[in-house]
Amino acid sequence: MRIDCEHVWDHISAYIDGDVDAALRADINKHLETCEICSAVLDSTRNVVVLIADGRVFELPTGFSDRLHKRLEPVLQPNGK
Amino acid sequence: MTKAPNAEFEADCIRRILAGEHQLFHELIRPCERAIYFLLISILHNEADAEDAAQETAIKVFRNLQLFRGDSQFKTWVLSIARNEGLGRLRKTDRLREDSLDALTGEDSGDFTPAVLTSWREIPADALEKKELAGLLREAIEGLPDIYRNAVLLRDIEEMDVNETATALGITEGSVKVRLHRARALLQRKLAHKLKAFAPKRGLFGRGK
């Protein structure tokens, strides 16, 4: 089946996650072969997903973990409340 | 349901903590700290509040540990406690506008068409050494509507699966997918043109000085 760009965009996230059925995947792949816009949209979306997963983007505040465990300490005492 | 690779460690830890080895709780909660904090900052939008709520969450997890049944992953259960803690605080300060309003605001508002490009060269993760790039990504995520940000945070940043994300957020798997799709579309639209500046400069297409 021939599908248009908007149809591809609707499924980009599912496509990246491998969550589209074989028939739709084949239609999308066929479309991507000849559509440089959708290819670039797919590549850029996938790249954004990869980049934001990097631990350097979101870092915990300095000392967060120490303060958390310090606060837990009295709670964890045998008679802690 | 697939078990997390550390499910056995968790189950053993929980058993021993409940039997009195309370100090083990430090190790049990440690792998969840990041997700707790980022989910809470996504709900509360304030570092100090998120940190305090994260500490409260950890305490509640400890005190309610006997209630964990193991029918979801431990982290998922912890995150649903974090979410309740966050939403409870919003309710108190009357800032609640997220989940309870979902039904009213609908999920169809907004334009989710992508930024149209004709070519894309991958930005390598190395580029994150540049603080500016990480800042751009953070800013874009922080600018997302709450319901989309939470979905992208758990799925793409904490890398939880659809089922676990749905359980933690108290929504259906279908909603997770829709929200994630929209979040990614909004991020692509906001970021694609800006990120191009971080593409490696090389060869024929390079735009070296």
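Residues numbered from 1 in each chain as written. Chains lettered and ligands numbered in written order. Predicted model: local features only at pLDDT ≥ 70, side-chain atom pairs only at ≥ 80, totals over all residues. Heavy atoms only, no water.

Turning our attention to the overall build of chain A. Helix and strand content of chain A: 5 helices and 0 strands. Helices (α) and strands (β) of chain A occur, in sequence order from the N terminus, as α-α-α-α-α. Computed over its C-alpha atoms, the radius of gyration of chain A comes to 23 Å, more than 25% above the 12 Å expected for a compact globule of 81 residues. Dimensions of chain A, computed from the C-alpha atoms along their principal axes, are close to 70 × 25 × 15 Å. Taken over 81 residues, chain A has a buried fraction of 43%. Excluding contacts between residues fewer than 6 apart, the proportion of contacts in chain A whose partners are at least 24 apart in sequence is 48%. Of the roughly 4,500 Å² of accessible surface on chain A, 50% is carried by carbon and sulfur atoms. (Helix = DSSP H or I, 4+ residues; strand = E, 2+ residues; numbered from the N terminus. Rg over C-alpha atoms; globule rule 2.2 N^0.38 Å. Buried < 20%, exposed > 50% of the residue type's maximum accessible area, 1.4 Å probe, protein only. Contact = heavy atoms within 4.5 Å. Areas by Shrake-Rupley, 256 points an atom, 1.4 Å probe, with all protein chains shown as cover.)

With 42 residues of chain A at the interface, the matching set in chain B holds 54 residues. Interface area, chain A with chain B, both sides summed: about 4,400 Å², of which 64% is carbon and sulfur. On the chain A side of the interface with chain B, the three residues burying the most area are A:Phe58, A:Arg71 and A:Leu76, jointly 17% of the side's total. One salt bridge connects B:Asp52 with A:Arg71, and the closest N-O pair in it is separated by 3.2 Å. Summed over the shared surface of chain A and chain B, the number is 24 residue pairs in polar contact (both at pLDDT 80 or more). In terms of residues, the side of chain A that touches chain B owes the most to one element, helix α4 (residues 36–52) of chain A, which gives 12 residues. In terms of residue class, the side of chain A that touches chain B is made up of 21 nonpolar, 9 polar and 12 charged. (Buried area = accessible area lost by both parts, 1.4 Å probe. Salt bridge = Lys/Arg side-chain N within 4 Å of Asp/Glu carboxyl O. Polar contact = N/O pair within 3.5 Å; in protein donor to acceptor, adjacent residues only side chain to side chain. Nonpolar A, V, L, I, M, F, W, Y, C, P; charged D, E, K, R; others polar.)

With that out of the way, let us pick up the confidence of the model for chain B. Residue and element names in this part refer to chain B. Here chain B shows a mean pLDDT of 87. Residues at 70 or above account for 86%. Per-residue pLDDT stays below 50 along residues 100–105; that stretch engages in 4 contacts with residues further than four places along the chain or on separate chains. Under the prediction, the complex receives an ipTM of 0.89, its pTM being 0.83. (pLDDT = per-residue confidence, 0-100.)

Residues and elements named next belong to chain B. Summed over all chains, the structure comprises 21 salt bridges over all chains. Across the pair Arg 30 and Glu 27 runs a salt bridge, and its minimum N-O distance is 3.4 Å. Since its relative accessible area comes to 38%, Arg 30 is described here as partly exposed. Here Glu 27 falls in the partly exposed class, since its relative accessible area comes to 37%. In this structure, Arg 184 and Asp 156 form a salt bridge, with 2.9 Å as the shortest nitrogen-oxygen distance. Pair noted here: Arg 184 is in helix α10 (residues 173–195) and Asp 156 is in helix α8 (residues 146–157), with a separation of 28 residues, a long-range link. Both residues of the pair, Arg 184 and Asp 156, belong to the buried class.

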